[in-house]
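These are the residues of each chain, in order.
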Amino acid sequence: MTALAEDLSAPPVTMFGPDFPFPYDRWVRHAEGLGSVPAGVLGTRVAVVGGGISGLVAAYELMRLGLRPVVYEAEQLGGRMRTVGFPGHPGAVAELGAMRFPPSATALFHYVDLVGLGTRPFPNPMAPTTPHTVVDVGGERHFARLPEDLPSVYQEVYDAWYKVLEEGADLSAMDAAIRRRDTATVKALWNRLVPLLDDQSFYGFLASSPAFASFRHREIFGQVGFGSGGWDTDFPNSMLEILRVVYTGADERHLTLTGGAQQLPLRLWEHVPRRSAHWPGGTSLASLHPQGPRPAVRAVRRTGGGIRVVTADGAEEFAAAVLTPQVRLLLSRIDTDEDLLPAELWTAVERTHYMGSSKLFALVDRPFWRDMDERTGRPVMGMTLTDRMPRGVYLFDDGPHEPGVMCLSYTWNDDSMKAAALPPDERLEVMLRHLRRIYPDVDVRGRIVAEPVAVSWETEPWFMGAFKNNLPGHYRYQRRLFTHFVQDTLPAHQRGVFLAGDDVSWTGGFAEGAVTTALNAVWGVLRHLGGRTPAGNPGPGDVFSAIAPIDLPS
(Lines give C-alpha, C1' and ligand atoms only; values in the text may rest on other atoms or scores of the structure.)
Protein backbone atom coordinates (compact mmCIF):
# COMPACT_ATOMS: atom_id res chain seq x y z
CA MET A 1 0.00 0.00 0.00
CA THR A 2 1.29 3.45 -0.83
CA ALA A 3 -0.09 6.87 -0.05
CA LEU A 4 1.66 9.69 -1.86
CA ALA A 5 4.39 8.83 -4.32
CA GLU A 6 7.22 10.34 -2.34
CA ASP A 7 9.86 12.33 -4.21
CA LEU A 8 13.06 11.25 -2.50
CA SER A 9 14.79 14.42 -3.70
CA ALA A 10 12.19 16.67 -2.04
CA PRO A 11 12.77 18.11 1.44
CA PRO A 12 11.20 16.11 4.27
CA VAL A 13 7.77 16.97 5.56
CA THR A 14 7.83 18.92 8.83
CA MET A 15 5.24 20.31 11.23
CA PHE A 16 5.38 23.61 9.33
CA GLY A 17 1.91 25.11 9.62
CA PRO A 18 -0.63 24.93 8.21
CA ASP A 19 -2.33 27.52 10.46
CA PHE A 20 0.82 29.51 11.28
CA PRO A 21 3.68 28.47 9.00
CA PHE A 22 6.59 29.83 11.01
CA PRO A 23 9.98 28.01 10.94
CA TYR A 24 10.44 27.48 14.68
CA ASP A 25 13.24 24.98 14.11
CA ARG A 26 15.30 27.52 12.19
CA TRP A 27 14.50 30.32 14.63
CA VAL A 28 15.70 28.39 17.66
CA ARG A 29 18.85 27.12 15.90
CA HIS A 30 19.90 30.47 14.40
CA ALA A 31 23.45 31.58 15.19
CA GLU A 32 22.26 35.06 16.23
CA GLY A 33 20.04 33.64 18.97
CA LEU A 34 16.45 34.47 19.85
CA GLY A 35 17.05 38.03 20.94
CA SER A 36 18.17 40.26 23.80
CA VAL A 37 16.69 42.32 26.61
CA PRO A 38 17.86 45.73 27.87
CA ALA A 39 20.74 45.62 30.36
CA GLY A 40 18.50 46.93 33.12
CA VAL A 41 16.14 43.98 32.66
CA LEU A 42 18.76 41.24 32.97
CA GLY A 43 18.03 38.96 35.91
CA THR A 44 14.33 39.90 35.96
CA ARG A 45 12.20 37.16 37.48
CA VAL A 46 9.61 35.45 35.28
CA ALA A 47 7.23 32.82 36.66
CA VAL A 48 6.90 29.60 34.67
CA VAL A 49 3.94 27.57 35.92
CA GLY A 50 4.27 23.91 34.98
CA GLY A 51 7.36 21.76 34.58
CA GLY A 52 6.37 19.81 31.49
CA ILE A 53 8.28 20.09 28.24
CA SER A 54 6.56 23.37 27.37
CA GLY A 55 7.41 24.98 30.71
CA LEU A 56 11.00 23.75 30.63
CA VAL A 57 11.63 24.90 27.06
CA ALA A 58 10.24 28.32 27.99
CA ALA A 59 12.33 28.46 31.18
CA TYR A 60 15.48 27.28 29.38
CA GLU A 61 15.21 29.92 26.65
CA LEU A 62 14.30 32.68 29.12
CA MET A 63 17.43 31.74 31.09
CA ARG A 64 19.52 31.96 27.92
CA LEU A 65 18.16 35.49 27.39
CA GLY A 66 19.49 36.46 30.81
CA LEU A 67 16.16 36.42 32.64
CA ARG A 68 15.49 34.54 35.87
CA PRO A 69 12.83 31.86 35.31
CA VAL A 70 11.17 30.51 38.45
CA VAL A 71 9.57 27.14 37.71
CA TYR A 72 6.54 25.83 39.60
CA GLU A 73 5.57 22.16 39.39
CA ALA A 74 2.77 20.38 41.27
CA GLU A 75 4.08 16.81 40.88
CA GLN A 76 7.21 15.93 38.91
CA LEU A 77 9.21 17.45 36.10
CA GLY A 78 8.09 16.14 32.75
CA GLY A 79 4.33 16.61 32.76
CA ARG A 80 2.85 14.08 30.35
CA MET A 81 6.35 12.97 29.44
CA ARG A 82 6.10 10.54 32.33
CA THR A 83 8.35 7.48 32.37
CA VAL A 84 8.05 5.00 35.23
CA GLY A 85 10.01 1.89 36.17
CA PHE A 86 9.08 -1.48 37.62
CA PRO A 87 10.27 -2.10 41.21
CA GLY A 88 13.24 -4.43 41.33
CA HIS A 89 13.87 -4.23 37.58
CA PRO A 90 16.14 -1.28 36.74
CA GLY A 91 16.29 -0.40 33.08
CA ALA A 92 12.78 -1.50 32.15
CA VAL A 93 10.42 1.44 31.74
CA ALA A 94 6.83 2.19 30.84
CA GLU A 95 5.79 5.36 29.04
CA LEU A 96 2.59 6.49 30.73
CA GLY A 97 2.33 9.62 28.61
CA ALA A 98 4.11 10.69 25.44
CA MET A 99 5.92 7.74 23.92
CA ARG A 100 6.21 8.22 20.14
CA PHE A 101 7.43 11.26 18.24
CA PRO A 102 7.38 11.96 14.49
CA PRO A 103 10.63 13.07 12.84
CA SER A 104 8.63 15.97 11.41
CA ALA A 105 8.66 17.49 14.94
CA THR A 106 11.85 19.38 14.13
CA ALA A 107 11.62 21.98 16.91
CA LEU A 108 11.21 19.21 19.48
CA PHE A 109 14.16 17.30 18.04
CA HIS A 110 16.33 20.40 18.37
CA TYR A 111 16.12 19.85 22.12
CA VAL A 112 16.43 16.07 21.80
CA ASP A 113 19.70 16.62 19.97
CA LEU A 114 20.77 19.40 22.33
CA VAL A 115 20.70 17.12 25.38
CA GLY A 116 22.17 14.15 23.52
CA LEU A 117 19.26 11.73 23.58
CA GLY A 118 19.21 8.76 21.24
CA THR A 119 16.18 7.41 19.39
CA ARG A 120 14.93 4.20 17.86
CA PRO A 121 11.86 3.31 15.79
CA PHE A 122 8.58 2.93 17.64
CA PRO A 123 6.76 -0.40 17.04
CA ASN A 124 3.64 0.95 15.36
CA PRO A 125 1.38 -1.49 13.48
CA MET A 126 3.04 -2.78 10.32
CA ALA A 127 5.93 -0.35 10.66
CA PRO A 128 9.10 -1.57 8.92
CA THR A 129 10.74 -2.51 12.23
CA THR A 130 7.63 -4.10 13.80
CA PRO A 131 8.16 -7.88 13.52
CA HIS A 132 4.50 -8.84 13.37
CA THR A 133 1.06 -7.23 13.55
CA VAL A 134 -2.25 -8.90 14.39
CA VAL A 135 -5.51 -7.23 13.40
CA ASP A 136 -8.46 -8.66 15.35
CA VAL A 137 -11.78 -7.12 14.30
CA GLY A 138 -15.26 -8.62 14.49
CA GLY A 139 -13.86 -11.87 15.83
CA GLU A 140 -11.63 -12.39 12.79
CA ARG A 141 -7.83 -12.37 13.09
CA HIS A 142 -5.43 -11.36 10.37
CA PHE A 143 -1.65 -11.73 10.66
CA ALA A 144 0.44 -9.21 8.77
CA ARG A 145 4.03 -8.18 8.33
CA LEU A 146 3.13 -5.59 5.70
CA PRO A 147 -0.17 -3.84 4.88
CA GLU A 148 -0.31 -5.90 1.69
CA ASP A 149 -0.75 -9.03 3.83
CA LEU A 150 -4.23 -7.91 4.93
CA PRO A 151 -7.45 -8.83 3.07
CA SER A 152 -8.37 -6.70 0.06
CA VAL A 153 -11.03 -4.77 1.99
CA TYR A 154 -8.23 -3.07 3.94
CA GLN A 155 -6.64 -1.94 0.67
CA GLU A 156 -10.04 -0.56 -0.34
CA VAL A 157 -10.26 1.39 2.91
CA TYR A 158 -6.71 2.65 2.49
CA ASP A 159 -7.42 3.79 -1.06
CA ALA A 160 -10.65 5.46 0.05
CA TRP A 161 -8.80 7.39 2.77
CA TYR A 162 -6.28 8.89 0.37
CA LYS A 163 -8.93 9.51 -2.25
CA VAL A 164 -11.03 11.56 0.16
CA LEU A 165 -7.94 13.47 1.35
CA GLU A 166 -6.95 14.27 -2.22
CA GLU A 167 -10.38 15.27 -3.42
CA GLY A 168 -11.59 17.05 -0.30
CA ALA A 169 -8.41 18.45 1.23
CA ASP A 170 -5.76 19.01 -1.49
CA LEU A 171 -3.38 16.50 0.09
CA SER A 172 -0.72 16.37 -2.64
CA ALA A 173 -0.62 20.13 -3.08
CA MET A 174 -0.35 20.75 0.66
CA ASP A 175 2.28 18.05 1.08
CA ALA A 176 4.45 19.66 -1.60
CA ALA A 177 3.98 23.15 -0.16
CA ILE A 178 4.88 22.10 3.39
CA ARG A 179 7.96 20.22 2.16
CA ARG A 180 9.15 23.32 0.28
CA ARG A 181 8.02 25.62 3.12
CA ASP A 182 6.11 27.56 0.51
CA THR A 183 4.30 29.85 2.93
CA ALA A 184 2.09 31.52 0.34
CA THR A 185 0.75 28.23 -1.01
CA VAL A 186 0.27 26.73 2.46
CA LYS A 187 -1.73 29.79 3.50
CA ALA A 188 -3.80 29.86 0.30
CA LEU A 189 -4.73 26.19 0.53
CA TRP A 190 -5.46 26.22 4.26
CA ASN A 191 -7.32 29.53 4.34
CA ARG A 192 -9.71 28.10 1.74
CA LEU A 193 -10.34 24.95 3.76
CA VAL A 194 -10.81 26.44 7.23
CA PRO A 195 -14.20 28.09 6.60
CA LEU A 196 -15.36 25.06 4.62
CA LEU A 197 -14.45 22.48 7.25
CA ASP A 198 -14.59 24.26 10.61
CA ASP A 199 -18.12 22.99 11.23
CA GLN A 200 -17.43 19.50 9.86
CA SER A 201 -16.69 16.52 12.09
CA PHE A 202 -14.18 13.90 11.04
CA TYR A 203 -16.93 11.31 10.71
CA GLY A 204 -19.15 13.69 8.77
CA PHE A 205 -16.31 14.42 6.36
CA LEU A 206 -15.84 10.69 5.70
CA ALA A 207 -19.53 9.88 5.47
CA SER A 208 -20.19 12.69 2.98
CA SER A 209 -17.57 11.36 0.57
CA PRO A 210 -18.56 8.80 -2.10
CA ALA A 211 -15.25 7.05 -1.42
CA PHE A 212 -16.49 6.19 2.09
CA ALA A 213 -20.12 5.45 1.20
CA SER A 214 -19.74 2.00 2.74
CA PHE A 215 -20.40 1.92 6.48
CA ARG A 216 -18.18 -1.17 6.68
CA HIS A 217 -15.27 0.82 5.24
CA ARG A 218 -15.81 3.60 7.78
CA GLU A 219 -16.01 1.04 10.58
CA ILE A 220 -12.77 -0.69 9.59
CA PHE A 221 -11.01 2.63 9.21
CA GLY A 222 -12.15 3.69 12.67
CA GLN A 223 -11.07 0.46 14.33
CA VAL A 224 -7.78 -0.13 12.52
CA GLY A 225 -6.89 2.99 10.59
CA PHE A 226 -3.44 3.45 9.11
CA GLY A 227 -0.26 4.77 10.66
CA SER A 228 -0.50 4.43 14.43
CA GLY A 229 -3.90 2.69 14.56
CA GLY A 230 -7.64 3.30 14.59
CA TRP A 231 -9.23 6.72 14.25
CA ASP A 232 -12.74 6.19 15.60
CA THR A 233 -12.13 8.00 18.88
CA ASP A 234 -11.37 11.07 16.76
CA PHE A 235 -14.58 10.77 14.75
CA PRO A 236 -16.45 13.47 16.76
CA ASN A 237 -13.57 15.96 16.46
CA SER A 238 -13.15 18.71 13.92
CA MET A 239 -11.86 17.57 10.54
CA LEU A 240 -9.37 20.42 10.72
CA GLU A 241 -7.68 18.66 13.64
CA ILE A 242 -7.20 15.52 11.54
CA LEU A 243 -5.84 17.40 8.55
CA ARG A 244 -3.19 19.09 10.68
CA VAL A 245 -1.92 15.66 11.74
CA VAL A 246 -2.01 14.19 8.22
CA TYR A 247 -0.46 17.17 6.43
CA THR A 248 2.50 17.43 8.79
CA GLY A 249 3.47 13.78 9.05
CA ALA A 250 2.62 13.74 12.74
CA ASP A 251 1.23 10.20 12.56
CA GLU A 252 4.13 8.65 10.65
CA ARG A 253 7.55 7.07 11.23
CA HIS A 254 7.44 7.52 14.97
CA LEU A 255 10.54 7.35 17.14
CA THR A 256 10.91 6.59 20.82
CA LEU A 257 13.49 8.30 23.04
CA THR A 258 16.23 6.15 24.54
CA GLY A 259 15.76 5.70 28.27
CA GLY A 260 12.24 7.08 28.20
CA ALA A 261 10.57 10.31 27.11
CA GLN A 262 10.96 11.89 30.55
CA GLN A 263 14.71 11.95 29.97
CA LEU A 264 14.19 14.96 27.70
CA PRO A 265 12.72 17.36 30.30
CA LEU A 266 14.99 16.00 33.04
CA ARG A 267 18.10 16.54 30.94
CA LEU A 268 16.94 19.98 29.83
CA TRP A 269 16.57 20.90 33.52
CA GLU A 270 20.24 20.04 34.07
CA HIS A 271 21.60 21.27 30.75
CA VAL A 272 24.16 24.08 30.74
CA PRO A 273 23.85 26.25 27.61
CA ARG A 274 26.99 27.06 25.70
CA ARG A 275 26.04 30.73 25.81
CA SER A 276 23.75 32.65 28.13
CA ALA A 277 23.38 36.36 28.68
CA HIS A 278 23.98 37.62 32.23
CA TRP A 279 24.48 34.26 33.94
CA PRO A 280 27.94 32.87 34.75
CA GLY A 281 29.22 29.75 33.03
CA GLY A 282 27.77 26.54 34.39
CA THR A 283 24.32 28.01 35.07
CA SER A 284 21.40 25.67 34.45
CA LEU A 285 17.76 25.60 35.44
CA ALA A 286 18.73 23.16 38.17
CA SER A 287 21.37 25.51 39.56
CA LEU A 288 18.85 28.36 39.60
CA HIS A 289 16.55 26.10 41.65
CA PRO A 290 18.83 24.49 44.26
CA GLN A 291 15.80 23.27 46.25
CA GLY A 292 14.04 22.04 43.14
CA PRO A 293 11.03 23.65 41.44
CA ARG A 294 8.56 25.63 43.52
CA PRO A 295 5.44 23.71 44.68
CA ALA A 296 1.95 23.59 43.18
CA VAL A 297 0.40 26.93 42.32
CA ARG A 298 -2.83 27.73 44.13
CA ALA A 299 -3.60 31.15 42.67
CA VAL A 300 -2.41 33.65 40.07
CA ARG A 301 -3.23 37.34 40.58
CA ARG A 302 -2.49 40.67 38.94
CA THR A 303 -0.91 43.34 41.13
CA GLY A 304 -0.64 46.66 39.36
CA GLY A 305 2.03 46.05 36.76
CA GLY A 306 3.05 42.59 37.97
CA ILE A 307 1.88 39.03 38.50
CA ARG A 308 1.56 37.35 41.89
CA VAL A 309 1.86 33.58 42.12
CA VAL A 310 0.55 31.96 45.30
CA THR A 311 1.51 28.53 46.69
CA ALA A 312 1.07 26.84 50.05
CA ASP A 313 4.45 28.33 50.99
CA GLY A 314 3.48 31.93 50.28
CA ALA A 315 3.36 34.38 47.39
CA GLU A 316 5.94 35.82 44.98
CA GLU A 317 5.64 38.64 42.46
CA PHE A 318 6.96 38.65 38.92
CA ALA A 319 7.30 40.96 35.95
CA ALA A 320 5.67 38.36 33.68
CA ALA A 321 4.39 34.79 33.80
CA VAL A 322 4.20 31.84 31.41
CA LEU A 323 1.31 29.47 32.21
CA THR A 324 1.73 25.97 30.79
CA PRO A 325 -0.76 23.72 32.67
CA GLN A 326 -3.72 22.35 30.76
CA VAL A 327 -5.91 25.42 30.54
CA ARG A 328 -8.86 23.78 32.31
CA LEU A 329 -6.79 23.93 35.52
CA LEU A 330 -7.14 27.73 35.34
CA LEU A 331 -10.86 27.13 35.91
CA SER A 332 -10.53 24.62 38.72
CA ARG A 333 -7.37 23.88 40.71
CA ILE A 334 -5.71 27.27 40.17
CA ASP A 335 -7.64 30.28 41.46
CA THR A 336 -7.30 33.04 38.87
CA ASP A 337 -8.39 36.66 38.65
CA GLU A 338 -11.09 37.43 36.11
CA ASP A 339 -8.83 40.04 34.50
CA LEU A 340 -5.92 37.63 34.17
CA LEU A 341 -7.09 36.98 30.60
CA PRO A 342 -9.45 38.84 28.24
CA ALA A 343 -13.11 37.78 28.43
CA GLU A 344 -13.09 36.17 24.98
CA LEU A 345 -10.05 34.14 25.95
CA TRP A 346 -11.81 32.83 29.06
CA THR A 347 -14.59 31.65 26.74
CA ALA A 348 -12.01 29.76 24.69
CA VAL A 349 -10.60 28.19 27.85
CA GLU A 350 -14.09 27.13 28.93
CA ARG A 351 -14.81 25.52 25.56
CA THR A 352 -11.54 23.60 25.23
CA HIS A 353 -12.33 19.92 24.71
CA TYR A 354 -10.01 17.21 26.04
CA MET A 355 -9.55 13.58 25.08
CA GLY A 356 -9.26 10.89 27.73
CA SER A 357 -6.59 8.21 27.52
CA SER A 358 -5.59 5.12 29.50
CA LYS A 359 -2.62 2.75 29.41
CA LEU A 360 -1.75 -0.49 31.17
CA PHE A 361 1.79 -1.91 31.25
CA ALA A 362 3.20 -5.24 32.40
CA LEU A 363 6.80 -6.45 32.66
CA VAL A 364 7.51 -9.99 31.43
CA ASP A 365 10.57 -12.21 31.84
CA ARG A 366 11.62 -11.96 28.19
CA PRO A 367 10.15 -10.98 24.78
CA PHE A 368 8.39 -14.32 24.33
CA TRP A 369 6.24 -12.89 21.53
CA ARG A 370 9.17 -13.47 19.17
CA ASP A 371 8.95 -17.24 19.72
CA MET A 372 7.78 -19.07 16.62
CA ASP A 373 4.61 -21.15 16.62
CA GLU A 374 5.60 -24.45 15.00
CA ARG A 375 2.07 -25.03 13.71
CA THR A 376 1.73 -21.71 11.88
CA GLY A 377 5.32 -20.62 11.29
CA ARG A 378 4.43 -17.22 12.72
CA PRO A 379 5.46 -15.49 15.94
CA VAL A 380 3.16 -16.49 18.80
CA MET A 381 2.05 -12.88 19.30
CA GLY A 382 2.39 -9.48 17.66
CA MET A 383 1.59 -5.84 18.00
CA THR A 384 -2.20 -6.03 18.17
CA LEU A 385 -5.01 -3.81 16.92
CA THR A 386 -8.44 -4.96 18.06
CA ASP A 387 -11.99 -3.80 18.55
CA ARG A 388 -11.94 -5.54 21.94
CA MET A 389 -11.30 -3.66 25.16
CA PRO A 390 -7.46 -3.47 24.95
CA ARG A 391 -7.69 -1.75 21.50
CA GLY A 392 -3.90 -1.43 21.08
CA VAL A 393 -1.18 -3.77 22.41
CA TYR A 394 2.44 -2.68 21.97
CA LEU A 395 5.53 -4.80 22.57
CA PHE A 396 8.96 -3.47 23.59
CA ASP A 397 12.20 -5.37 24.09
CA ASP A 398 15.93 -4.79 24.50
CA GLY A 399 17.01 -8.19 23.25
CA PRO A 400 16.10 -11.85 23.74
CA HIS A 401 17.68 -12.18 27.18
CA GLU A 402 16.30 -9.00 28.74
CA PRO A 403 12.84 -8.46 30.27
CA GLY A 404 10.18 -7.25 27.88
CA VAL A 405 7.59 -4.53 28.40
CA MET A 406 4.03 -5.00 27.19
CA CYS A 407 1.61 -2.14 26.81
CA LEU A 408 -1.41 -4.39 27.26
CA SER A 409 -3.90 -1.65 26.52
CA TYR A 410 -3.78 1.82 24.99
CA THR A 411 -7.22 3.41 24.71
CA TRP A 412 -8.97 6.73 24.21
CA ASN A 413 -12.20 8.45 25.28
CA ASP A 414 -15.08 5.96 25.76
CA ASP A 415 -12.67 3.02 25.66
CA SER A 416 -10.54 4.74 28.28
CA MET A 417 -13.55 5.35 30.52
CA LYS A 418 -14.32 1.62 30.54
CA ALA A 419 -11.20 1.10 32.66
CA ALA A 420 -10.85 4.43 34.46
CA ALA A 421 -12.43 3.21 37.70
CA LEU A 422 -10.39 0.01 37.85
CA PRO A 423 -7.11 -0.22 39.81
CA PRO A 424 -4.12 -1.66 37.90
CA ASP A 425 -4.54 -5.25 39.10
CA GLU A 426 -8.19 -5.35 38.03
CA ARG A 427 -7.35 -3.78 34.68
CA LEU A 428 -4.79 -6.49 34.19
CA GLU A 429 -7.39 -9.21 34.76
CA VAL A 430 -9.77 -7.60 32.28
CA MET A 431 -7.19 -7.12 29.53
CA LEU A 432 -5.78 -10.63 29.93
CA ARG A 433 -9.30 -12.05 29.63
CA HIS A 434 -9.80 -10.27 26.33
CA LEU A 435 -6.35 -11.15 25.02
CA ARG A 436 -6.97 -14.84 25.68
CA ARG A 437 -9.74 -14.66 23.09
CA ILE A 438 -7.22 -13.48 20.52
CA TYR A 439 -4.32 -15.67 21.66
CA PRO A 440 -5.89 -18.71 23.36
CA ASP A 441 -2.60 -20.63 23.47
CA VAL A 442 -0.42 -17.82 24.86
CA ASP A 443 0.11 -17.65 28.63
CA VAL A 444 0.81 -13.95 29.13
CA ARG A 445 0.10 -14.09 32.86
CA GLY A 446 2.75 -16.75 33.42
CA ARG A 447 5.38 -14.41 32.00
CA ILE A 448 4.61 -11.36 34.16
CA VAL A 449 7.34 -10.65 36.73
CA ALA A 450 6.24 -7.35 38.33
CA GLU A 451 3.14 -5.50 39.43
CA PRO A 452 1.36 -3.75 36.52
CA VAL A 453 1.36 0.03 36.17
CA ALA A 454 -1.50 2.05 34.74
CA VAL A 455 -2.73 5.58 34.12
CA SER A 456 -5.98 7.28 33.13
CA TRP A 457 -5.14 10.86 32.29
CA GLU A 458 -8.72 12.05 32.72
CA THR A 459 -8.54 11.12 36.42
CA GLU A 460 -5.06 12.58 37.03
CA PRO A 461 -5.74 15.56 39.34
CA TRP A 462 -3.25 17.94 37.68
CA PHE A 463 -4.28 17.07 34.12
CA MET A 464 -7.96 16.04 34.00
CA GLY A 465 -7.53 14.82 30.44
CA ALA A 466 -4.93 13.58 27.98
CA PHE A 467 -4.87 16.45 25.51
CA LYS A 468 -6.96 18.97 23.65
CA ASN A 469 -8.84 18.04 20.50
CA ASN A 470 -11.17 20.62 19.02
CA LEU A 471 -14.77 19.85 18.21
CA PRO A 472 -16.49 21.23 15.11
CA GLY A 473 -16.91 24.99 15.39
CA HIS A 474 -13.96 25.44 17.75
CA TYR A 475 -11.53 27.07 15.33
CA ARG A 476 -12.25 30.58 16.61
CA TYR A 477 -11.57 29.46 20.20
CA GLN A 478 -8.30 27.81 19.23
CA ARG A 479 -7.19 30.91 17.35
CA ARG A 480 -7.73 33.04 20.46
CA LEU A 481 -5.63 30.68 22.59
CA PHE A 482 -2.80 30.43 20.09
CA THR A 483 -2.54 34.12 19.16
CA HIS A 484 -2.63 35.45 22.74
CA PHE A 485 1.18 35.74 22.79
CA VAL A 486 0.91 38.79 20.52
CA GLN A 487 -0.41 41.37 23.00
CA ASP A 488 0.05 44.73 21.28
CA THR A 489 -3.70 45.30 21.05
CA LEU A 490 -4.45 44.32 24.66
CA PRO A 491 -4.92 46.98 27.33
CA ALA A 492 -1.83 47.38 29.49
CA HIS A 493 -3.46 45.80 32.53
CA GLN A 494 -4.03 42.53 30.63
CA ARG A 495 -0.52 42.04 29.31
CA GLY A 496 2.35 40.02 30.71
CA VAL A 497 0.69 36.60 31.11
CA PHE A 498 1.42 34.12 28.31
CA LEU A 499 -0.22 30.75 27.71
CA ALA A 500 1.79 27.81 26.36
CA GLY A 501 1.38 24.07 26.00
CA ASP A 502 0.13 21.63 23.41
CA ASP A 503 -3.50 22.53 24.18
CA VAL A 504 -2.74 26.15 23.24
CA SER A 505 -1.13 24.95 20.01
CA TRP A 506 -2.88 23.80 16.86
CA THR A 507 -1.65 20.23 17.42
CA GLY A 508 -2.94 18.99 20.76
CA GLY A 509 -1.27 15.84 22.00
CA PHE A 510 1.98 16.45 20.13
CA ALA A 511 5.07 17.63 21.96
CA GLU A 512 5.97 19.79 18.97
CA GLY A 513 2.99 22.00 19.81
CA ALA A 514 4.14 22.27 23.42
CA VAL A 515 7.61 23.37 22.26
CA THR A 516 6.46 25.87 19.65
CA THR A 517 3.96 27.60 21.94
CA ALA A 518 6.70 27.79 24.58
CA LEU A 519 8.81 29.62 22.01
CA ASN A 520 5.85 31.92 21.27
CA ALA A 521 5.66 32.72 24.98
CA VAL A 522 9.41 33.42 25.10
CA TRP A 523 8.98 35.92 22.26
CA GLY A 524 6.05 37.46 24.16
CA VAL A 525 8.05 37.87 27.38
CA LEU A 526 10.99 39.26 25.42
CA ARG A 527 8.79 41.90 23.81
CA HIS A 528 6.91 42.62 27.06
CA LEU A 529 10.17 43.42 28.85
CA GLY A 530 11.42 45.73 26.12
CA GLY A 531 13.67 43.27 24.31
CA ARG A 532 13.94 42.55 20.61
CA THR A 533 14.95 39.85 18.18
CA PRO A 534 17.92 40.10 15.79
CA ALA A 535 17.18 41.64 12.40
CA GLY A 536 18.43 38.46 10.76
CA ASN A 537 16.32 36.16 12.92
CA PRO A 538 12.82 37.56 13.39
CA GLY A 539 10.58 35.71 15.83
CA PRO A 540 7.00 34.48 15.48
CA GLY A 541 5.50 37.74 16.70
CA ASP A 542 7.65 39.82 14.36
CA VAL A 543 6.14 38.18 11.29
CA PHE A 544 2.73 37.55 12.81
CA SER A 545 0.72 39.96 10.68
CA ALA A 546 2.05 38.40 7.47
CA ILE A 547 1.25 34.77 8.33
CA ALA A 548 -1.39 35.02 11.07
CA PRO A 549 -4.03 32.28 11.21
CA ILE A 550 -7.11 33.20 9.22
CA ASP A 551 -9.63 35.08 11.37
CA LEU A 552 -13.17 33.80 10.79
CA PRO A 553 -16.00 36.30 11.25
CA SER A 554 -17.97 36.11 14.46
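For the structure itself, consult the block above.
The structure contained in this document is the topic of the report that follows. (Residues numbered from 1 in each chain as written. Predicted model: local features only at pLDDT ≥ 70, side-chain atom pairs only at ≥ 80, totals over all residues. Heavy atoms only, no water.)

Glancing now at the pairing of strand β16 (residues 383–386). Side chains of β16 alternate between two faces, with M383 and L385 and T384 and T386 buried alike. In this sheet, β16 lies alongside strand β6 (residues 133–137) in parallel orientation, the contact comprising four bridges. Within the sheet, the bridge partner assigned to V135 lies in β16 and is L385. Sheet analysis places β16 next to strand β17 (residues 392–397), joined by two bridges and oriented antiparallel. (Buried < 20%, exposed > 50% of the residue type's maximum accessible area, 1.4 Å probe, protein only. Helix = DSSP H or I, 4+ residues; strand = E, 2+ residues; numbered from the N terminus. Pairing = 2+ DSSP bridges.)

The next thing to look at is the sheet that holds strand β11 (residues 314–318). One open sheet holds the four strands; their spatial order is β11-β10-β9-β13, and the pairing between them is mixed. A strand with exactly one partner marks an edge of an open sheet, and here the two such strands are β11 and β13 (335–336). Inspection of the sheet shows strand β10 (residues 306–311) paired to β11 by five bridges, in the antiparallel sense. Bridge assignment links V310 to a residue of β11, and that residue is A315.

Let's shift gears to the environment of V444. Turning to its location among the elements, V444 is positioned in the loop between α14 (424–438) and β19 (453–456). On the basis of relative accessible area, V444 is assigned to the buried category, the value being 7%. Ignoring anything within four residues of it in the chain, the contact list for V444 reads F368, M381, M406, L408 and L432. (Contact = heavy atoms within 4.5 Å.)

What follows deals with the side chain of T384. Assignment of secondary structure puts T384 in strand β16. Given the relative accessible area of 0%, T384 is considered buried. A distance of 2.6 Å separates polar atoms of two side chains, one belonging to T384 and the other to Y439. Beyond its immediate chain neighbours, meaning those up to four positions away, T384 contacts V134, R391, G392, V393, I438 and Y439. (Polar contact = N/O pair within 3.5 Å; in protein donor to acceptor, adjacent residues only side chain to side chain.)

Take T324: it is sitting in the loop between β12 (320–323) and β13. Excluding residues within four positions of it along the chain, T324 makes contact with V49, G50, S54, G55 and A500. Reaching out from T324, the side chain makes a polar contact with the backbone oxygen of V49 at a distance of 2.7 Å.

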